[in-house]
Amino acid sequence: MTSEELRSNVEKALDEIRPFLQSDGGDISLISIDNDSSVKVKLEGNCIGCSVNQMTLKSGVEMTIKKYAPQIEEVVNLS
């Protein structure tokens, strides 16, 4: 998978999870993909102060991204 295809797949994953975040007043932005294995995102809106945002990041965002791009090893939120 090329870097462009990887970025496209990660964006598709974020598009899949974004409506769930937006329904709670939050959102997510892709910041970067490093070494084709680490995705950096920024949780926004109500997601910033949410007490379960780390669970959302690991159980929701990371799992969905890995479904589209299995080579991704980690997803990190930049606050």
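Check the entry above for the structure.
The following paragraphs examine the structure supplied in this document. (Residues numbered from 1 in each chain as written. Predicted model: local features only at pLDDT ≥ 70, side-chain atom pairs only at ≥ 80, totals over all residues. Heavy atoms only, no water.)

Now for the pairing of strand E3 (residues 74-77). The sheet contact formed by strand E2 (residues 38-45) and E3 spans 4 bridges and is parallel. Of the residues in E3, the one forming a bridge with Lys40 is Val76. What joins E2 to E3 is helix H2 (residues 53-68), and the crossover it makes is right-handed. (Pairing = 2+ DSSP bridges. Helix = DSSP H or I, 4+ residues; strand = E, 2+ residues; numbered from the N terminus. Right-handed = clockwise from strand over helix to strand, strands pointing away.)

The subject of this paragraph is unusual backbone geometry. The phi angle at Asn35 is positive, at roughly 55 degrees, despite the residue not being glycine. Its place among the elements puts Asn35 in the loop between strand E1 (26-34) and E2. With a phi close to 55 degrees, Asp36 is a non-glycine residue in the positive phi region. Among the structural elements, Asp36 can be located in the loop between E1 and E2.

Grouped together as the largest cluster of nonpolar side chains are 19 residues, with contacts concentrated most on Val10, Val39, Val61, Ile65, Ile72 and Val75. Among the secondary structure elements, those contributing two or more residues to this core are helix H1 (3-23), E1, E2 and H2. Top contributing element to this core by residue count: H1, with 6 residues. Here Ile72 is in contact with Leu6, Ile33, Asp36, Ser37, Ser38, Val39, Ile65 and Lys66, once residues within four sequence places are set aside. (Core = buried A, V, L, I, M, F, W, Y, C linked by side-chain atoms within 4.5 Å. Buried < 20%, exposed > 50% of the residue type's maximum accessible area, 1.4 Å probe, protein only. Contact = heavy atoms within 4.5 Å.)

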